[in-house]
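For reference, the chains in residue letters:
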Amino acid sequence: MAAPSYKQLVDALASDIRSGRLAAGARLPTHRALATREGIAVVTATRVYAELEVMGLVSREQGRGTFVRDMTIPAGHGIDQQAVATDAVDLSFNYPSLPGQADLLRQALREVAASGDLDSLLRYQPHRGRPQDRASIARHLRRRGITTDADRIAIAGGAQHGLAITVMAMLNAGDVVAVDALTYPGFKVLAHAFHLDLEPIPATTDGPDLDALEKLCATRPVRAIYTMPTLHNPLGWVMPAADRTRLIKIARQYGPLLIEDASYAYLAEDPPPPLAASAPDITVYVSGLSKSIATGLRVGFVVAPPPVLPSLERAIRATTWNTPALTTAIACRWLDDGTVDHLEAQKRGDAKARQALAGQELAGLPLVSHPSSYFTWLPLPDDARADRLTATLARQHISVSTAEPYTTSPHTPQALRLALGSTDLDRLRTTLRTVRQVVLEDACT
């Protein structure tokens with residue numbers, strides 16, 4: 001039996017989109033124009049676009065029309081990191097590295113090999129990590145403003161794993177979680193996997209709209225608040241102390257757990273105390289060394305209230321069984337001998353230099369960023385299409401991210417997130433000049 005005509009049209013449009021014949025960001029005809037062109041009813045044209053949207057091939061924007069989606073990013077997901085060609089400059093993902101880090105690793109491996117307890121690294125570790133390793137992390141956290149003991153720490157296989165075990169331990173399918181309207185894509189992936197109900201909170205210039213958050217907590221059973229108070233990804237804000245105090249007050253009044261993601265917090269100099277320092281009984285603090293040291297060093301840590309720890313331990317057992325022994329041993333040596341502090345200070349300086357460079361090369365564009373962050377947010381004009389810009393830049397061997405992976409609200413803003421930490425400064429300079437040129441040329445078309 002022949003497929004219905006609307007199905008044939010869906011297949012034809014889908015093929016054109018996947019092949020690139022219809023470019024990312026292209027505006028499709030209106031429902032009425034498509035109906036006239038194809039000789040079908042308007043209701044059928046509407047059905048065609050609805051199916052393409054379900055397939056993740058197009059997006060509809062109220063009052064603007066239907067557009068071809070950027071197919072390098074899977075629909076609804078975030079950092080399923082898009083494939084970046086080997087000759088492309090990657091401004092979509094941060095993996096900052098400093099000269100000499102490989103030599104540090106060689107030395108650390110030699111020291112571990114010469115240690116007296118090498119055999120112990122070949123055996124199962126305690127599920128939450130060895131006491132001496134958790135003590136090293138506790139000493140490190142004191143320098144970040146969190147006074148805690150080793151018994152309240154669980155070692156994870158990176159900060160993302162720390163978030164995953166927190167979700168597994170504390171939340172159930174259908175739980176309402178308040179998140180920023182623009183937030184870390186990795187948490188969106190977890191929310192999708194565990195069927196959480198994300199409620200977006202609008203942003204102000206330096207943090208979430210706490211009036212909106214309080215109204216949400218008063219009207220819905222919010223189980224948790226996921227927040228990045230110190231150097232938010234992607235907007236770079238550092239919440240003022242007064243706002244942190246009010247956020248904690250809201251959490252105490254309405255009962256949600258605070259999940260504090262501090263993965264980029266090391267970049268902010270002299271920030272207000274972490275939420276976990278002021279409200280340790282209702283906060284799960286998650287961070288790691290992947291951003292501050294190296295993305296391949298998958299060591300994360302979770303600081304949690306004592307009643308939460310047994311559930312976290314069960315989640316570790318269910319996912320990785322125990323902590324990664326060798327990388328944890330290396331990380332804790334570097335925590336104890338000052339290597340981590342030294343590298344973090346160097347990376348703060350490196351990020352400042354890159355942020356200053358972005359300010360110079362993108363001058364006049366409405367950047368949103370922090371002076372020492374490894375990324376900047378570039379809002380686009382209302383009539384711009386981020387998908388179209390990313391496709392244009394991809395043809396010039398530059399990979400950037402749109403707002404879609406970061407968006408939790410129904411409306412996706414037209415914006416680009418530029419990661420600044422994954423290429424050398426000279427190449428970054430010329431690449432940012434190209435980005436500026438493409439954005440300005442697009443605004444003139």
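See the structure shown above.
Residues numbered from 1 in each chain as written. Predicted model: local features only at pLDDT ≥ 70, side-chain atom pairs only at ≥ 80, totals over all residues. Heavy atoms only, no water.

1. Digging into the overall build of the protein chain
Line of reasoning, step 1. The helix and strand tally for the protein chain stands at 15 helices and 17 strands.
Line of reasoning, step 2. Taking 445 residues into account, the globule formula puts the C-alpha radius of gyration at 22 Å, and the protein chain, at 24 Å, falls close to it.
Line of reasoning, step 3. Summing over all exposed atoms, the protein chain offers an accessible surface of approximately 19,200 Å²; the carbon and sulfur share of this is 54%.
Line of reasoning, step 4. Averaged over its 46 positive side-chain charges, the protein chain has a centre that lies 2 Å from the centre of its 46 negative ones. (Helix = DSSP H or I, 4+ residues; strand = E, 2+ residues; numbered from the N terminus. Rg over C-alpha atoms; globule rule 2.2 N^0.38 Å. Areas by Shrake-Rupley, 256 points an atom, 1.4 Å probe, with all protein chains shown as cover. Lys, Arg positive; Asp, Glu negative; His and termini not counted. Charge placed at Lys NZ, Arg CZ, Asp CG, Glu CD.)

2. As for empty space enclosed by the protein
Line of reasoning, step 1. On inspection of all chains with the given rule, the structure shows 3 cavities of 30 Å³ or more.
Line of reasoning, step 2. Put simply, the second largest cavity is a space of about 60 Å³.
Line of reasoning, step 3. Around the second largest cavity, the lining residues are Ala178, Val179, Asp180, Ile201, Pro208, Leu213, Ile225, Tyr226, Thr227 and Leu247.
Line of reasoning, step 4. Mapped onto the lining of the second largest cavity, the elements with two or more residues apiece are strand E5 (176–180) and strand E9 (222–227). (1 Å grid on protein atoms, 1.4 Å probe; cavity = no way out; pocket = protein on both sides within 12 Å on 5 of 7 lines; lining within 4 Å. Points joined across faces, edges and corners; volume = space filled by probe spheres on them.)

3. Quick word on unusual backbone geometry
A negative phi angle characterises most non-glycine residues, just as the trans form characterises most peptide bonds.
Line of reasoning, step 1. Omega for the bond connecting Asn233 with Pro234 falls within 30 degrees of zero, at 25°, which places this linkage in the cis form.
Line of reasoning, step 2. Inspection of the secondary structure assignment puts Pro234 in the loop between E9 and helix H9 (241–254).
Line of reasoning, step 3. A positive phi angle is found at Leu231, which is not glycine, with a value near 65°.
Line of reasoning, step 4. Along the chain, the position of Leu231 falls in the loop between E9 and H9.
Line of reasoning, step 5. Within the chain, Trp321 stands out as a residue other than glycine whose phi angle is a positive 70°.
Line of reasoning, step 6. Under the relative-accessibility criterion, Trp321 is labelled partly exposed at 38%. (Buried < 20%, exposed > 50% of the residue type's maximum accessible area, 1.4 Å probe, protein only.)

4. Considering the pattern of salt bridges
Line of reasoning, step 1. With the rule as written, the count across this model stands at 23 salt bridges.
Line of reasoning, step 2. The salt bridge partner of Asp16 is Arg21, with a shortest N-O separation of 2.8 Å.
Line of reasoning, step 3. Salt-bridge contacts for Asp197 lead to Arg220; the nearest nitrogen and oxygen are separated by 3.0 Å. Of this pair, Asp197 sits in strand E6 (residues 197–201) while Arg220 sits in the loop between helix H8 (210–219) and E9, and the two are 23 residues apart along the sequence.
Line of reasoning, step 4. Through salt bridges that share partners, Asp197, Glu199 and Arg220 make up one connected network. (Salt bridge = Lys/Arg side-chain N within 4 Å of Asp/Glu carboxyl O.)

5. Some thoughts on the side chain of Thr148
Line of reasoning, step 1. Mapped onto the elements, Thr148 comes out in the loop between helix H5 (131–142) and strand E4 (153–156).
Line of reasoning, step 2. Setting aside anything within four residues of it in sequence, one finds Thr148 in contact with Ala138, Leu141, Arg142, Ile153 and Val303. (Contact = heavy atoms within 4.5 Å.)

6. Quick word on the sheet that holds strand E11 (residues 283–288)
Line of reasoning, step 1. Overall, mixed pairing links the 7 strands, which are arranged E4-E12-E11-E10-E9-E5-E6 in an open sheet. The sheet is open, and its two edges are formed by E4 and E6, each paired on a single side. For this sheet, the mean angle separating the axes of adjacent strands, direction not counted, is 20°.
Line of reasoning, step 2. Relative to strand E12 (residues 300–303), E4 runs antiparallel, the two being bridged by 4 bridges. Bridging across to E12, Ala156 finds its partner in Gly300.
Line of reasoning, step 3. Helix-sheet contacts for H5 involve E4, E11 and E12, and the interaxial angle to E4 is about 105°. (Pairing = 2+ DSSP bridges. Axes fitted to C-alpha atoms, helices over the stretch in contact; angles between N-to-C directions.)

7. Concerning helix H4 (residues 101–114)
Line of reasoning, step 1. For H4, which comprises 14 residues, the first-to-last C-alpha distance of 20 Å matches the rise-based estimate of 20 Å (1.5 Å per residue) to within 8%.
Line of reasoning, step 2. For H4, every residue scored as buried is listed here: Gln101, Ala108 and Val112. The arc enclosing the buried residues of H4, seen along the axis, measures out at 35°, which places them on a common side. In H4, the exposed positions angled more than 90 degrees off the buried face are occupied by Arg110 and Ala114.
Line of reasoning, step 3. Here the buried face of H4 lies against helix H12 (325–337) and helix H13 (339–361). (Expected span 1.5 Å × (residues − 1). Arc of directions from axis to C-beta.)

8. Let's talk about the packing of aromatic side chains
Line of reasoning, step 1. Applying the stated criterion to the full structure yields 5 aromatic pairs.
Line of reasoning, step 2. Ring centres 5.0 Å apart and planes at 80° place the aromatic pair Tyr264 and Phe375 in the edge-to-face group. Of this pair, Tyr264 sits in the loop between strand E10 (257–261) and helix H10 (275–278) while Phe375 sits in strand E14 (residues 375–379); the two residues are 111 residues apart in sequence, bridging distant segments of the chain. Of the two residues, Tyr264 and Phe375, both sit in the buried class.
Line of reasoning, step 3. Ring plane angle 80° and centroid distance 6.1 Å describe the contact between Trp377 and Tyr406, whose orientation is recorded as edge-to-face. Linking Trp377 in strand E14 with Tyr406 in the loop between strand E16 (401–402) and strand E17 (415–419), this pair joins segments that are 29 residues apart in sequence.
Line of reasoning, step 4. In this structure, Lys291 packs its charged tip against the face of Phe93, placed 4.8 Å from the ring centre.
Line of reasoning, step 5. It is Arg385 that lies over the ring of Phe67; its NZ or CZ is 3.8 Å from the centre. (Phe/Tyr/Trp six-rings, centres within 6.5 Å; stacked < 30°, edge-to-face > 60°. Lys NZ or Arg CZ within 6 Å of the ring centre and 35° of its normal.)

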